[in-house]
Amino acid sequence: MAAGKIDGGVHYHEHIGAGITRRLRQTATIDGERVKEVRNTFCAGNAEKYATFQDELRADGVGVISGKPGSGRVFTAVHALASVRLGTPIEELTIDPKERDAGVSLINVDSDHSRLLDLTLLPAPTAAQQVALRGLATDARRSGALLVFVTEPGPTGFLSECRARLRIDAPARATDVFQRAMSRACGEAASRFWLDDPGVRDALEGSEPARAIALAREAHRRRNSFTEKSAWIEHVLRDHVESTDELAGWFRNHDLDTEFQRVLLAAVALLEGGPRAVIARHAGGLAQTWHVPPLWRTPISGNGFTSHLGEIRAHVREDGVYFNRRNAADEALDYLWREHPETRELLRKWVPEAVADLGDRHRLEAAYRWLRLARRHRDISPVLMLIREWGDSGALMWEAIPVVAEAAVSPEFGPQVRRVLYEVALSRRVRLVDRTVLEICRVYGRVQPATALTRIRAIAEKVPAYWDRRLVQALEDIAGEPENTGIVLEALVGWALGTKRGRGAEVAALALCRLLAMEGDAGPRVLEELQAGERASAELVSAWRAAASCGTEVGRALWAWFDALTSCRDASDIGFEVLRGAARDHESFRHSLERWLNRWRHTHVHKSPAIEDLWRIITEEGKR
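Described below are features of the structure shown in this document. (Residues numbered from 1 in each chain as written. Predicted model: local features only at pLDDT ≥ 70, side-chain atom pairs only at ≥ 80, totals over all residues. Heavy atoms only, no water.)

**Digging into the state of the cysteines**
Summed over the entire model, instances satisfying the criterion amount to 0 disulfides. Free cysteine Cys 43: the closest other cysteine sulfur is in Cys 186, separated by 16 Å. The buried category is assigned to Cys 43, whose relative accessible area is 19%. (Disulfide = S-S within 2.5 Å. Buried < 20%, exposed > 50% of the residue type's maximum accessible area, 1.4 Å probe, protein only.)

Have a look at this one:
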């Protein structure tokens, strides 16, 4: 139960405030730089079939691209959207398999965006979900928006009305992708020179298009570092392309005298940037777990720690341990994950204890390292570790929160991560990981409020009263984004007035009072929006009635409205109309309004004509 008493305010503002909200918005959409890269490097596997698909998408507005993982189906979808409608922002949508309609009702197709929806995480949509997806396609077609569905190969009869269809049987050849990317980056002459080199052709043979793009990017980055073109190719290939072969060589060697170097390589890859003493200690612990001989036979034998770092091409800088080359840590983790899958479980158990000894910044970097690994391999297990192991650790939960929140809105893992968060929220036990899930929802809910609110409600129903302050803060933060306010108000009214009135109803009433009083430029923000015509009266009438069960808290919200409306000449302002409407036929709110009006009148020496007018109307109506 102590989970609810952990103070995370400082961590929130340092790690998961406005900055991470901007990052999450970028994660949930396709930024201009990514679209530009796609357009500059895309090569169609079958140019004729792709041209036909583009024409049909241009005519119909809705298309379906199918293919196996790794075939470039999402890459192709982004290029198709960008090329068919130049300059239009592209939004990458996510589905929620747990929702009856897969979350389709939350999608607005009227805004000026092209859209990509990956259905591969919904392999067997229910009848209701199929109807919702069919309706989404119809709405997109009617509004004139572009929409492309990405699916696995197989039957998609529920999308049979989509004429624009493209099946990708194989990804584009790496040499073609490299030629296009290199020509764009360094010119046609440089591209031909590189492709004439046998080493480059060998490196690209059988490679994925992504590796070809990465090679072209690295060549462009280092093009001014060498006077001779041959040296340019040699160094880039050695440092960028041959790293996997080098790692394979390291791990093929079974000499026990050098076995610790492989353990040290794994430790630095996972803890890069941490203090040398921490990395040395935990590398020794990992070696012991894996039954590898220790670094030194005696405390003062051998060449020393720095020498061993040199052998794995790492060094110490300002007491932190770093690889000599950028991205080496990610490459080492990729190799372990792909070639030695039996190490995954051992690393999962070892990492939390080791990372807990790092400073805040390096713990956060380690968490993002796991997310990058998950994305590169399309494997959610590193993210699940962040939720279950890190999220249940007081030392690690705050670094896991922004990273898991990003995964929760990502196209790759969003539905799966949100499902796990929901399972934690629904579990009967109250644990520290519940607090982590609450904070994750607090962060990602600013970008995708509806699903976050569902999970927060589940937590609210089971936790004790001393969690209320944190629950209300999370709801207030989500509603802090102006486009979310109406969604949060509607959800909270449903909690408070629903047939199942549990702890969630109490939390909802408290949160409604906070939202009704939330400060804007010159008073409560919702009141300002009401007066500007940006919020409906009926919405706030319902909110006041639902909040009325909150006792003294509703008085604070009413007081804020009285203060903002005190300068009016009479009670004709729309703000007063809302208060009168909420009091009509609702005994609980009418009593609260009358009681707090009377207190306000007796507290203020100078009378307000508008407040006096409202008092007269309410008391007269109460006598009827």
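**So, the pattern of salt bridges**
This structure, assessed with the given rule, holds 42 salt bridges. Among the salt bridges present, the one from Glu 365 reaches Arg 361, with a minimum N-O distance of 2.9 Å. In this pair, Glu 365 and Arg 361 are both assigned in helix 18 (residues 360-377), 4 residues apart and thus about one turn of the helix distant. Through salt bridges with shared partners, a single network forms among Asp 330, Asp 334, Arg 372 and Arg 376. (Salt bridge = Lys/Arg side-chain N within 4 Å of Asp/Glu carboxyl O. Helix = DSSP H or I, 4+ residues; strand = E, 2+ residues; numbered from the N terminus.)

**Considerations on the packing of aromatic side chains**
A complete count under the given rule lists 8 aromatic pairs for this structure. Judged by centre distance (6.0 Å) and plane angle (70°), the rings of Trp 337 and Trp 370 are edge-to-face. In this pair, Trp 337 is assigned in helix 16 (residues 328-339) and Trp 370 in helix 18, connecting sequence segments 33 residues apart. Classification of Trp 370 by relative accessible area gives buried; the value is 3%. Ring geometry for Trp 544 versus Phe 589: centroids 5.6 Å apart, planes at 45°, classification tilted. Of this pair, Trp 544 sits in helix 28 (residues 537-547) while Phe 589 sits in helix 31 (residues 587-603); the two residues are 45 residues apart in sequence, bridging distant segments of the chain. (Phe/Tyr/Trp six-rings, centres within 6.5 Å; stacked < 30°, edge-to-face > 60°.)

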